[in-house]
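Summary of the model geometry
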Amino acid sequence: MGRLWLRMTETYGHKFTSAYGVEPNESWAACLVELGDEQIKNGLTALLSREDPWPPTAVEFRNLCLNHEPSSGVDWEHERIRQADRAGQELLALPRPPRDPEVSQRGIASLREQLA
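Residues numbered from 1 in each chain as written. Predicted model: local features only at pLDDT ≥ 70, side-chain atom pairs only at ≥ 80, totals over all residues. Heavy atoms only, no water.

As for the pattern of salt bridges
- The tally for this structure, following the rule as stated, stands at three salt bridges.
- One salt bridge in this structure joins D52 and R50, with 3.5 Å as the shortest N-O distance.
- Residue R50 is classed as partly exposed on the basis of its relative accessible area, which comes to 23%. (Salt bridge = Lys/Arg side-chain N within 4 Å of Asp/Glu carboxyl O. Buried < 20%, exposed > 50% of the residue type's maximum accessible area, 1.4 Å probe, protein only.)

Right, dumping it as structure tokens:
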């Protein structure tokens, strides 16, 4: 499990460790306990052909190891984050409001009054 964790950390970096920690955890161990070395190797090889830049969950990785198709039941919020990342977009960025010079001048005048 330690070698797998190192490989996932090398592949996904901070995205993996911030989601799952720097040390192997019980959830991943429970998902993968019945898998052999060859199956884990299959999963690691399958990662190379994924288009998703985010690391898989333990269940997703298990499915890759067992050559199962990934489930389509991805939580909508996670899918939205993945789509924004693929498109190189900022997820929650709002457009800048238009600047109003009159509002700016009133704000500056109010600050000057308070500081005087």
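Comments concerning helix α1 (residues 2–12)
- The set of residues buried in α1 consists of L4, W5, M8 and Y12. For α1, the buried positions fall inside an angular range of 100° around the axis, keeping them on one side. For α1, exposure combined with an orientation more than 90 degrees from the buried face picks out R3, L6 and E10.
- Elements in contact with the buried residues of α1: α2 (14–20), α3 (26–32), α4 (37–47) and α5 (58–65).
- Positive backbone phi, approximately 60°, marks G13, located one or two places after α1. (Helix = DSSP H or I, 4+ residues; strand = E, 2+ residues; numbered from the N terminus. Arc of directions from axis to C-beta. Contact = heavy atoms within 4.5 Å.)

Section: the packing of aromatic side chains
- Under the criterion given, the structure shown has six aromatic pairs.
- For the pair W5 and W28, a centre-to-centre distance of 5.5 Å together with 85° between the ring planes defines the contact as edge-to-face. Of this pair, W5 sits in helix α1 while W28 sits in helix α3, and the two are 23 residues apart along the sequence.
- With 6.0 Å between their ring centres and 35° between their planes, W28 and F61 make a pair best called tilted. Here F61 lies in helix α5 and W28 lies in helix α3, a separation of 33 residues in the sequence.
- With a relative accessible area of 1%, W28 lands in the buried category.
- Among the aromatic residues, those joined into a ring-pair cluster are W5, F16, Y20, W28 and F61.
- If you follow K15 out to its NZ or CZ, it ends over the ring of W54, 4.6 Å from the centre. (Phe/Tyr/Trp six-rings, centres within 6.5 Å; stacked < 30°, edge-to-face > 60°. Lys NZ or Arg CZ within 6 Å of the ring centre and 35° of its normal.)

In short, geometric facts, not functional conclusions.
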